[in-house]
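# Results of the structural survey
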Amino acid sequence: MARDLHLSRFDLKYDIMHLPRDARARTIELLGREVAPRVRELLAAEPAGSLERA
């Protein structure tokens with residue numbers, strides 16, 4: 001869907017103010033180390049069915 005809509009940016013907003021400092025740091029770390037790279041990987045991958053259309 002992101003590719004179909006030509007999205008190039010995602011903003012994530014969530015309330016983490018009630019989490020302890022260590023949990024907030026871990027959340028941000030996971031977003032940067034695991035989530036963002038995986039999203040980039042998925043968006044860079046060849047769309048499913050693209051070979052069928054060629």
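The model shown is predicted, which means the values in this text are computed figures rather than measured ones. One numbering rule holds for all chains: residues counted from 1, following each sequence as written. For a predicted model such as this one, the threshold for reporting local features is a pLDDT of at least 70, and the threshold for listing and counting side-chain atom pairs is 80 or more; totals across whole chains, interfaces and linings nevertheless cover every residue. The side-chain quantities take in all heavy atoms of the structure and omit both hydrogens and water.

### Brief notes about a nonpolar patch on the surface
In this scheme, patches are assembled from residues that exceed 30% relative accessible area and form no salt bridge. Like charges are connected within 9 Å, while nonpolar side chains (Val, Leu, Ile, Met, Phe, Trp, Tyr) are connected within 5 Å. For every accessible area listed, the method is Shrake-Rupley and the probe measures 1.4 Å; residues are considered covered only by the protein chains on display. Salt bridge criterion: a side-chain nitrogen from Lys or Arg within 4 Å of a carboxyl oxygen from Asp or Glu. A surface patch of nonpolar side chains, amounting to about 1,000 Å² of accessible area, comprises Met 1, Leu 5, Leu 7, Phe 10, Leu 12, Tyr 14, Ile 28, Leu 31, Val 35, Val 39 and Leu 43. Elements are defined by DSSP. Helices are runs of H or I of four residues or more, strands are runs of E of two residues or more, and each kind is numbered from the N terminus. Within the fold, Leu 5 resides in the segment before α1 (21–44).

### Some words on the pattern of salt bridges
Per the counting criterion, the structure on display carries four salt bridges. For Arg 33, the salt bridge goes to Glu 29, with nearest N and O atoms at 3.0 Å. Residue Arg 33 and its partner Glu 29 are located together in helix α1, separated by four residues, close to a single helical turn. The partly exposed category is assigned to Glu 29, whose relative accessible area is 39%. Arg 38 is the salt-bridge partner of Glu 41, the closest N and O atoms lying 2.7 Å from each other. Taken together, the residues Glu 41 and Arg 38, both in helix α1 and three residues apart, mark about one turn of the helix. Connected via shared salt-bridge partners are Arg 26, Glu 29, Arg 33 and Glu 34. Burial classification: accessible surface area is computed with a 1.4 Å probe over protein chains only, and a residue below 20% of its type maximum counts as buried, one above 50% as exposed, and the rest as partly exposed.

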